[in-house]
Amino acid sequence: MPSTLYLEGPSEALKTELLATLRGAWAALSPESPTARVLRAAESGVEEILALYQGASLFSPRDLIVVLDIQDLGRSDKKVASLALGLAMPAGESTLVLVESAAEQPRKSLEPLRAACAICVIAMPPARRDLVAWGAIKLEERLIEAEDGVLESLADASGGDALAFFSELSRLVTWIGERRSATAADVAQILRPALGAELPDFLAAVAGGDPALAGQRLGRLLAAGVGEGSILFALSNLVGGAMGGWKRNPTASEFLRRRRSPEDLVRALDAVYRAEAAWKGGRADVVALLEQATRDVCGVA
């Protein structure tokens with residue numbers, strides 16, 4: 001494991017999967033401290049970050065520390081410089097991962113942190129061959145062998161959308177259960193008859209903050225006969241999972257958690273509950289309620 005890693009780039013879905021892979025590898029290598037310590041830059045100061053990175057205890061000789069939204073430190077050149085200096089002075093065997101949220105242009109104020117880290121990874125939107133390669137890695141982690149064409153079929157069905165691909169891959173792993181092989185027949189069972197006609201696709205669009213695509217997929221869900229209650233439950237589970245609760249779709253919930261603040265998630269869950277109450281009380285058109293709840297969770301006013 002590197003002592004420090006800087007993770008940036010426009011593909012939030014790929015960042016999420018890379019962090020999941022890193023966490024799994026860390027748990028295998030460090031059974032004495034298998035759980036990552038996750039911080040947010042806006043909530044944790046430079047002192048707290050460095051205390052965890054440079055410190056050690058009898059109970060946890062080393063830790064995996066993940067700091068999300070590191071760009072929030074970029075508003076202060078002094079804080080950036082202080083953290084960059086601290087990264088050059090590790091005191092133990094811990095690994096510190098700094099995660100920068102996507103931006104249209106590289107944030108120049110964070111360059112000292114990029115330069116101070118041992119490894120810098122730029123998560124670009126993966127092409128089809130990249131998705132297939134990542135899928136092979138994820139299956140290998142679970143000791144699952146895939147027939148020829150399985151991952152290619154998932155990539156094609158996902159339309160090049162990384163979040164949708166990883167969601168479909170998660171469904172495939174759940175589908176095969178304790179078996180250690182994934183076949184073309186398994187893929188045929190889980191793939192939707194039409195792109196965007198199932199809940200995982202809708203949730204992927206919502207988690208990604210794409211209201212236009214989410215609205216389109218919501219319409220397809222309703223046209224396919226999916227119940228309003230099922231959709232509202234899926235939205236509440238998506239948000240609740242992002243807040244640390246049980247999650248039916250872990251990839252989408254984790255993606256939403258990284259994209260929205262804890263306060264935003266609380267407001268989104270409240271909006272879903274209010275929509276459900278209005279629907280059950282017959283106080284508004286259910287389609288309008290679903291559309292508004294979808295926009296609320298997406299993060300669009």
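Each value, and the rule that gives it
- Residues numbered from 1 in each chain as written.
- Predicted model: local features only at pLDDT ≥ 70, side-chain atom pairs only at ≥ 80, totals over all residues.
- Heavy atoms only, no water.
- Helix = DSSP H or I, 4+ residues; strand = E, 2+ residues; numbered from the N terminus.
- Rg over C-alpha atoms; globule rule 2.2 N^0.38 Å.
- Buried < 20%, exposed > 50% of the residue type's maximum accessible area, 1.4 Å probe, protein only.
- Contact = heavy atoms within 4.5 Å.
- Areas by Shrake-Rupley, 256 points an atom, 1.4 Å probe, with all protein chains shown as cover.
- Lys, Arg positive; Asp, Glu negative; His and termini not counted.
- Charge placed at Lys NZ, Arg CZ, Asp CG, Glu CD.
- Axes fitted to C-alpha atoms, helices over the stretch in contact; angles between N-to-C directions.
- Parallel < 35°, antiparallel > 145°, perpendicular 65-115°, else oblique.
- Left-handed = near helix turned anticlockwise from the far one by under 90°.
- Nonpolar A, V, L, I, M, F, W, Y, C, P; charged D, E, K, R; others polar.
- Pairing = 2+ DSSP bridges.
- Phe/Tyr/Trp six-rings, centres within 6.5 Å; stacked < 30°, edge-to-face > 60°.
- Lys NZ or Arg CZ within 6 Å of the ring centre and 35° of its normal.
- Arc of directions from axis to C-beta.
- Salt bridge = Lys/Arg side-chain N within 4 Å of Asp/Glu carboxyl O.

Novice: Which residues make up the overall build of the chain, and what values do they have?
Specialist: Along the chain, the regular secondary structure elements total 14 helices and seven strands. What you see for the chain is a C-alpha radius of gyration of 20 Å, in line with the 19 Å of a compact globule of 301 residues. Over its C-alpha atoms, taken along the principal directions, the chain stretches across nearly 60 × 50 × 40 Å. Burial analysis of the chain (301 residues in total) assigns 47% to the buried set. Taking contacts inside the chain between residues at least 6 apart in sequence as the whole, the part at least 24 apart equals 75%. When the accessible surface of the chain is split by element, carbon and sulfur atoms take 55% of a total near 14300 Å². Positive and negative side-chain charges in the chain, numbering 32 and 39 respectively, have mean positions lying 3 Å apart.

Novice: Can you explain the packing of helix 11 (residues 228-242) against helix 12 (residues 250-259)? Please cite residues and give values.
Specialist: For the pair helix 11 and helix 12, the least separation of the axes is 8 Å and the interaxial angle reads 60°. Our classification of the angle between helix 11 and helix 12 gives oblique. Read as a crossing pair, helix 11 and helix 12 show a hand that is right-handed. Of helix 12, the residues touching helix 11 (which contributes Asn 237, Leu 238, Val 239, Gly 241 and Ala 242) are Ala 252, Ser 253, Leu 256 and Arg 257. Among the residues making up the contact of helix 11 with helix 12, the classes are represented as five nonpolar, three polar and one charged.

Novice: Tell me about the sheet that holds strand 4 (residues 95-99), and please be specific about residues and values.
Specialist: Strands sit in the order 2-3-4-1-5 across an open sheet of five strands; the sheet is parallel. Edge positions in the sheet fall to strand 2 (37-40) and strand 5 (119-122), since each of these pairs with one other strand and no more. Here the average twist between neighbouring strands, direction ignored, is 20°. As paired elements, strand 2 and strand 3 (residues 64-68) share four bridges and run parallel to each other. Across the sheet, residue Arg 40 finds its bridge partner in strand 3, namely Leu 68.

Novice: Describe in detail unusual backbone geometry, supporting the description with residues and values.
Specialist: One non-glycine residue, Asp 69, adopts positive backbone phi at about 55°. Within the element layout of this structure, Asp 69 appears in the loop between strand 3 and helix 3 (77-87). Phi is positive for Leu 143, close to 60°, though the residue is something other than glycine. Assignment of secondary structure puts Leu 143 in the loop between helix 5 (128-141) and strand 6 (145-146).

Novice: So, the packing of aromatic side chains: which residues are in play, and what are the values?
Specialist: Each aromatic ring pair is characterised by the separation of its centres together with the angle its planes make. Taken as a whole, this structure holds one aromatic pair when the rule is applied. Ring geometry for Phe 165 and Phe 166: centres 5.5 Å apart, planes at 70°, overall edge-to-face. Each of the two residues, Phe 165 as well as Phe 166, counts as buried. Residue placement shows Arg 62 over the ring face of Trp 26; its charged tip is 5.2 Å from the ring centre.

Novice: With reference to specific residues and values, describe helix 6 (residues 150-157).
Specialist: Where helix 6 is concerned, the buried positions are Val 150, Leu 151, Leu 154, Ala 155 and Ala 157. One side of helix 6 holds all its buried residues, which, seen down the axis, span an arc of 165°. Here the buried face of helix 6 lies against helix 5, strand 6, helix 7 (162-176), strand 7 (181-182) and helix 8 (184-190). One or two positions beyond helix 6, positive phi appears at Gly 159, with a value near 60°.

Novice: Describe the pattern of salt bridges, and please don't skip the residues or the numbers.
Specialist: Counted according to the given criterion, the structure contains 18 salt bridges. Arg 107 is paired through a salt bridge with Glu 100; the nearest N and O atoms lie 2.9 Å apart. Two residues, Arg 128 and Asp 156, come together in a salt bridge whose shortest N-O distance is 2.7 Å. With Arg 128 in helix 5 and Asp 156 in helix 6, this residue pair connects regions lying 28 residues apart in the sequence.

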